[in-house]
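Structure assessment
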Protein chains: 4
Amino acid sequence: MPIEAGDVVLIRLTDDHTFLVVAHAGKKIQTHRGIVNLDDVIGREYGSWAPTTREPTLLLRPTLEEMIMKVKRQTTIIYPKDAGMILLKLGLGPGSQVLEVGTGSGALTLALAHSVRPGGRVYSYDLREDFLALSRENVERVGLSDHVEFFRRDGQGQLFRHKSLDAAVLDVPEPWKEIEPLREALRPGARLASLNPTYNQVEQMVETLRRSGFVLVETMEILYRRLQVLEGRTRPLQHMVGHTGFLTFAACAGAPPAL
Amino acid sequence: MPIEAGDVVLIRLTDDHTFLVVAHAGKKIQTHRGIVNLDDVIGREYGSWAPTTREPTLLLRPTLEEMIMKVKRQTTIIYPKDAGMILLKLGLGPGSQVLEVGTGSGALTLALAHSVRPGGRVYSYDLREDFLALSRENVERVGLSDHVEFFRRDGQGQLFRHKSLDAAVLDVPEPWKEIEPLREALRPGARLASLNPTYNQVEQMVETLRRSGFVLVETMEILYRRLQVLEGRTRPLQHMVGHTGFLTFAACAGAPPAL
Amino acid sequence: MPIEAGDVVLIRLTDDHTFLVVAHAGKKIQTHRGIVNLDDVIGREYGSWAPTTREPTLLLRPTLEEMIMKVKRQTTIIYPKDAGMILLKLGLGPGSQVLEVGTGSGALTLALAHSVRPGGRVYSYDLREDFLALSRENVERVGLSDHVEFFRRDGQGQLFRHKSLDAAVLDVPEPWKEIEPLREALRPGARLASLNPTYNQVEQMVETLRRSGFVLVETMEILYRRLQVLEGRTRPLQHMVGHTGFLTFAACAGAPPAL
Amino acid sequence: MPIEAGDVVLIRLTDDHTFLVVAHAGKKIQTHRGIVNLDDVIGREYGSWAPTTREPTLLLRPTLEEMIMKVKRQTTIIYPKDAGMILLKLGLGPGSQVLEVGTGSGALTLALAHSVRPGGRVYSYDLREDFLALSRENVERVGLSDHVEFFRRDGQGQLFRHKSLDAAVLDVPEPWKEIEPLREALRPGARLASLNPTYNQVEQMVETLRRSGFVLVETMEILYRRLQVLEGRTRPLQHMVGHTGFLTFAACAGAPPAL
C-alpha cells in the first residue's frame, strides 16, 4: 500500500533520529542530515527508502509509541510507559466508547482513538480551547480524527453529554470533583484511570472513589530505564525520568442488590 | 448485551478478589466467599450483580490486563508493564499480521490477538506441544481463538511459513538464532520486540540486530510499584518485582539503495 | 590479634551462609552444615579457618553491614541502604554526641555507636522497655555498649536529658511532636535525620521542620537491587524490597540575627 | 570550638545553596547572594551566622556527604548513595588500613579517610599524577591529609607497597587485573569493594574473584530519588540519576585447610 498524499510517515535518518511528517505534495522537510522532498515520499511503500540531499532515508509507518512521543505539545504529555498500562487496564477494543477528561496536548487522546478502532469513539473534554485546538491538530495529523470528538468543558462537576460509556480517563488536577458526573456517564462495570503527579491527589481521589462505590481501586507508578547496549560496555543509561505520575485505576459499580 | 453461555466473565468478590471464568451452564464456582452458580450469571449484563451463597458478586467484562494476569501458566508470563510497552511499540492495529516466537503460556499471544482485531492474525510458534496446547486453551477461554494460529517450531533458525508480516515478538533464550528466518518473514519496516532476562542475551541480540540491518534498536527495562493508599497512611508497597526482563525493540530495514 | 572469649565473630559456611556469634568458651553452634565448637574459635585469628564437624569454616570480623542485618529483631530494622546514607549525612565522627529517638531493635543504634568511636556517645530513647532491653543486648553482643546509653521515654514532647548534641535520628510515627524538645537538645548547626514510611508523615515532618527554623531540609528514598552474576547469565534479581521508608534530613539553625 | 583559620566551613545561603570553603584570613567569597568576608567567619562558632553584604549566612561544619559532593572534580565521582554502602560493607573503623586503587578525584578517598580516624590510614593509588594532585588538594581542604598517602601506580598487576591491609576499594576499568597484587596486600578476612559501570566488568570481576578464592561475593546497584515535599503537593522529583555503577563486594579468604 503506497504512501498517499496526506498520510503520516515517520522519516528515519541514518543516525536514528526520526521525524513525524504528513506527506503533503510539494512540501520539503529540512533536517540536520539533508532535505527531504515529500514528493519523493508520496507513492513509495512504507518500509522503503527515499533520498534526501545527503543520504537515503527510511520511511516507516509510525507506531502508537512514536505518535505519542511526537505530538506537538503545550503541556506535559502522557509517557508511553504509562499509556501502555492505561490501555491494558481500560478494557478497550473495537467499538468502545471512552470519555477523556483533560485533553491536554492530545497524546493520550490519540492512544485511546487508536485502541477503539473500528467503530469506537473518544469524547475528549478540556477547559481550554487552545488545548482542544492543539489536540485536534495532533489527532488529525496521524489520521485518527474520525474516532474523536472534542468538547469544551464549562466547569468541573457538570454533567457530560454522554451515557453508558465503557471507560474514562482523567488527567486533571482535581479528578475527585468529576466523580459524580462520571458516574452518570459510565455504564456499570466501566473502567476508569486517573493520572496524577502528587500523592495528595492520589489519596483524595482514591478515598472519593471508594466512597462513591467504585471497586478494584488500585494505584501504581511505572518507571522505565533505557540501556546502552554495546559489545563489552553494556549498562543502564545515566539519565532517567524519575517520576511522571501515579496511575489510579477503578471499576464503576452500581449499588449491590439486597441479597 | 447480556452474558451468554461460553462468554468470559470476571467475577469480583467484595474483598476485591477476582476469578476469570467461562459462563458454562450448569457449572458452579467455589470461592472463599461462597459458591457462584453460573446459571445465575448467564443472561445478566456485564456490570450487574449476581448472588453467591454468601454475598452479591459483581460481573465484569475482563480487561486485557486481567486476561493476561489470569492465564493458566506453566511458564513465567509476560507482565502487563512489559506487554503494554510492547503493544505500543509494535505498531499493531486492526488487520495486522504478527509473528510470535516462543508461545509459552500464551499471555502475550492473547495480548497480540486482542490488538489486531478485527481482521488481523497472530502466528505463534513454540518448540513444545504442551505449551501450544496450554496457550490454545488460554486464548480460547477469552474468546480470541479466531485471531491466532499455533505452530510447532521444529528447530531454531528454520524458515517460518509466512511472509510480509507486520511485526514479530520473540520470547526465546537465543533470539539471535531466529534473526535470519525473521528477516524472511517480515515486510520492510516491520517492528520487532524481544524479551530477555539477562544482560548477556540483550547484548548478543542487539549486536546481531545491528549487523543484520535492523534500525531504531533500543533496549529498556520497566519497573512498577504499587501504592498502599489509605487516608493519612499512603506509601509505596514493600513488595515489588525487581526484574522480569529487558525489552529490545527494532525496525526491519532492507539494504539502503545507492544514492 | 586473636579472637578472645566474648568477641563477636561472623562464621561463614561454604555455602556463604553466615552466623553472628559471641565466642563463649564451652558453647557450640548448631548449623545446617555441622556443629561449630566455639572453643575451636577462641585463640584463632580473624580471617583464619576453624573446623566444624563437616567442613572448614571461615572466621570473619563482622562489618557494620553484617552487624545491622544480624540484630535480633522485634521490629522492622533499618536497612543498610538507608543507614549508609544517614551516617553520611549526620556529620558523625570520633567524639560525636548523638540522640536517637525510637530505639526499636537497636540496628541503627549500633550503626551510630560504631560511627562515634572513640569518645562519642549515643543517647537512645524508646517508649518501650522491651525494645530497650533487646537493643541493649544487640549492642552489647557486638561490643559497642560503652558508646550507648539507653533511656525510657515517658512521652512524646518532653525534654531530653541532654544539651548541645551534634546530631539526632528519629524513627517514630509522629516525629513532628519531638521537634521542640529536639531543638532544646541540639547545638546550632546539628544535623537531623528522620525515617518515615508514609508520604503523609514526610509532609507533616517537613512542614514542621521548616516552620521551626530548620534548614537544608530534603527528603529522598533509596532503592537497591541485587544482581545474579553468572558467566553468560547475569541479570537483576527478581526479588527486591520495594519500600522501607523515606529519609528526611535537615540542619538545626537558630534565628538569624538582624543584619 | 570556634572556626580557626584553615578550617573547612560549609556556608549556607538563605536559598539553601551551599559553598564549601576554607577559612583563609583576608579572603572573600563571591556568591549570588552577596560577598562573604572570611575574616567575619574566623572566630565564630559552627552553627552561628555570619554577614554577607546582603543576608545572614549560616556557618556549618560539613558532613561527609557534603565533603563528597563538593570535591573539585575531573572525573565522575562516587555518589553518596554508593559511598554509604561501601563504608558499611568494608568493615572500617578507627585504625583500619585501607587500599584504594583508582584515586580519581578523591571523593571516595576522603570518605575512607574519614572512616578510619583516629589511627587509620588510606593508601591511594592512581596511574595519573594529575588525579593524585587533585585528590591531594580535595583531601587537604577538608582536613584529612594525615590519614591518606598517595602513590603513583606504575601499571596494573604490579605489587602494592603494603601488606596485611584490612580492606580495599577498586574504581578502575579492569579491576580483575589487580586481584593478584591485592591478595598479596590484604590480610585474610579483609573486605573488598569494586565499583563498575558495566555489567561486562561486573561479570569478569565476579568470576575472577570466585576463581581467586574470595567469598561472600555479591553485586548490587543502589538508586535514589528525591522528593518534592510541599503541603498538598508532595511528589517524587522528575529528575533522577538512572545509573552510576554496580557495587561488587567480597571477602578475602586464604585456602581452607584440609580437615
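You'll find the structure just up there.
Residues numbered from 1 in each chain as written. Chains lettered and ligands numbered in written order. Predicted model: local features only at pLDDT ≥ 70, side-chain atom pairs only at ≥ 80, totals over all residues. Heavy atoms only, no water.

1. Structural notes on the overall build of chain A
Which entries qualify depends on this criterion: To qualify as a helix, a DSSP run of H or I must reach at least 4 residues; to qualify as a strand, a run of E must reach at least 2; elements of each kind are numbered from the N terminus. The cut-offs for exposure are 20% and 50% of the maximum accessible area for each residue type, with area from a 1.4 Å probe on protein chains only; residues under the lower value are buried, those over the upper are exposed, and the others partly exposed. Contact definition: two residues touch when any of their heavy atoms are within 4.5 Å. His is not counted, nor are the chain ends; Lys and Arg add positive charge and Asp and Glu add negative charge. Where a charge lies is defined by one atom per residue type: Lys uses NZ, Arg uses CZ, Asp uses CG and Glu uses CD.
A tally of regular secondary structure across chain A gives six helices and 15 strands. Considering only C-alpha atoms, chain A reaches an extent of 70 × 45 × 35 Å along its principal axes. Residues counted as buried form 64% of the 259 residues belonging to chain A. Sequence-distant contacts, at least 24 apart, represent 59% of the contacts inside chain A between residues at least 6 apart. Computed over 31 positive and 31 negative side-chain charges, the inter-centroid distance for chain A is 3 Å.

2. Topic: the side chain of Thr18(B)
Within the fold, Thr18(B) resides in strand β2 (residues 18-22). On the accessibility criterion, Thr18(B) (17% relative accessible area) is buried. Not counting residues up to four positions away in its chain, the partners in contact with Thr18(B) are Leu216(A), Leu10(B), Ile11(B), Arg12(B) and Lys70(B).

3. Quick notes on the relation of the copies chain A and chain C
Heads up, the condition is: Alignment of copies: least-squares fit on C-alpha atoms of residues with pLDDT of at least 70 in both copies.
You can overlay chain A on chain C at an RMSD of 0.0 Å; the transform is a turn of 180° with a shift of 0.1 Å along its axis. Seen this way, the second copy is the image of the first under a two-fold rotation axis. Relative to the rotation axis, the closest C-alpha in chain A is found at Tyr199(A), a distance of 3.7 Å. Here 80% of the contact residues of chain A are again contact residues in chain C; the copies associate through an equivalent surface.

4. Focus: unusual backbone geometry
Put simply, Arg117(B) and Pro118(B) share a cis peptide bond, and its omega is -15°. In this structure, Ser164(A) takes a positive phi of about 60° despite not being glycine. Relative to the helices and strands, Ser164(A) resides in the loop between β9 (148-152) and β10 (165-170). A positive phi is found at Asp16(C), a non-glycine position, where the angle reads about 70°. In this structure, Asp16(C) sits in the loop between β1 (8-12) and β2 (18-22).

5. Comments concerning the interface of chain D and chain C
Put simply, the rule is: Two parts placed together each lose some accessible area under a 1.4 Å probe, and the buried area is that loss summed for both. Here a polar contact is taken to be a pair of N or O atoms separated by no more than 3.5 Å, where protein atoms must pair a possible hydrogen donor with a possible acceptor and residues adjacent in sequence count only if both atoms sit in side chains.
With 74 residues of chain D in contact, the opposing surface of chain C contributes 73 residues. Here chain D and chain C share an interface that buries about 5,600 Å² over both sides, 64% of which is from carbon and sulfur atoms. There are 27 residue pairs in polar contact (both at pLDDT 80 or more) connecting chain D and chain C. It is strand β12 (residues 215-228) of chain D that provides the largest number of residues to the side of chain D that touches chain C, a total of 13 residues.

6. Notes on the pattern of salt bridges
For side chains bearing opposite charge, pairing can occur when the charged atoms are close. Rules: By salt bridge we mean one thing: a side-chain nitrogen of Lys or Arg within 4 Å of a carboxyl oxygen of Asp or Glu.
By the definition in use, this model includes 76 salt bridges over all chains. Here Lys89(B) ties to Glu65(A) by a salt bridge, and the two come within 3.2 Å at their closest N and O atoms. Taken together, the residues Lys89(B) in helix α2 (residues 80-90) and Glu65(A) in helix α1 (residues 64-69) connect one chain to another. Residue classification places Lys89(B) among the buried residues on the basis of a relative accessible area of 8%.

7. Things to note about the packing of helix α2 (residues 80-90) of chain D against helix α3 (residues 107-115) of chain D
All names here are of chain D. The condition is simple: Convention adopted: a line fitted to C-alpha atoms gives each axis, helices being fitted over their contacting stretch, and angles between N-to-C directions are expressed from 0 to 180 degrees. We call two directions roughly parallel when the angle between them is under 35 degrees, roughly antiparallel when it is over 145, roughly perpendicular when it lies between 65 and 115, and oblique otherwise. By convention, the crossing between two helices is left-handed when the near helix turns anticlockwise from the far helix through less than a right angle, and right-handed when the turn is clockwise.
Between α2 and α3, the least distance of the axes is 11 Å, while the angle of their chain directions is 40°. Regarding the angle of α2 to α3, the classification is oblique. In this structure, α2 crosses over α3, and the sense of that crossing is right-handed. When α2 is examined against α3, the residues Ala83, Ile86, Leu87 and Leu90 are found in contact with a partner set consisting of Leu108, Ala111, Leu112 and Ser115.

8. Concerning helix α6 (residues 199-211) of chain C
Residues and elements named next belong to chain C. Rules: The span you would expect from a helix comes to 1.5 Å times its residue count less one.
Over its 13 residues, α6 runs 18 Å from end to end, which matches the ideal 18 Å to within 8%, given 1.5 Å per residue. Counting buried positions over the 13 residues of α6 gives 10, a clear majority of the element. One or two residues past the end of α6 sits Gly213, with phi positive at roughly 90°.

9. Regarding the interface of chain A and chain C
How big an interface is tends to be stated in terms of accessible area lost as the parts join. Selection rule: Three categories are distinguished: nonpolar for Ala, Val, Leu, Ile, Met, Phe, Trp, Tyr, Cys and Pro, charged for Asp, Glu, Lys and Arg, and polar for the others, with Gly belonging to the last.
Listed per partner, the contact involves five residues of chain A and four residues of chain C. Between chain A and chain C, roughly 450 Å² of surface is buried when both sides are summed, and carbon and sulfur atoms account for 38% of that area. Our count for the chain A to chain C interface comes out at four residue pairs in polar contact (both at pLDDT 80 or more). Tallying contributions element by element places helix α6 (residues 199-211) of chain A first for the side of chain A that touches chain C, with three residues. Here the residues of the side of chain A that touches chain C are counted per class, giving two nonpolar, one polar and two charged.

10. Structural notes on the nonpolar core
Most often, soluble globular proteins keep nonpolar side chains buried together rather than apart. Selection criterion: Nine residue types can take part in a nonpolar core, namely buried Ala, Val, Leu, Ile, Met, Phe, Trp, Tyr and Cys, and a core is a set of them joined through side-chain atoms within 4.5 Å.
Among the nonpolar cores identified, the biggest contains 94 residues, and Ile68(A) and Ile68(B) are the most heavily contacted of them. In this structure Ile68(B) touches Leu88(A), Ile77(B), Ile78(B), Pro80(B), Ala83(B), Ala107(B), Leu110(B) and Ala111(B), once residues within four positions along its chain are discounted. Counting residues in each nonpolar core, the second largest holds 92 residues, with Met67(C), Val142(C), Leu10(D) and Ile78(D) among its members.

11. Here's the deal with the sheet that holds strand β6 (residues 56-60) of chain B
All names here are of chain B. Selection criterion: By definition, two strands form a pair when at least two bridges between them are found by DSSP.
Pairing in this open sheet of four strands is antiparallel, and the strands run β2-β1-β6-β5 from one edge to the other. The sheet terminates laterally at β2 and β5 (49-51), the two strands that pair on one side only. Along the sheet, successive strands turn relative to each other by an average axial angle of 35°, direction set aside. Pairing between β5 and β6: three bridges, direction antiparallel. By the bridge assignment, Pro51 is partnered in β6 with Pro56.

12. Topic: the relation of the copies chain D and chain C
Superposing chain D onto chain C takes a rotation of 180° plus a shift of 0.0 Å along the axis, which leaves an RMSD of 0.0 Å. Most of the interface of chain D is mirrored in chain C, where 99% of its interface residues again form contacts.

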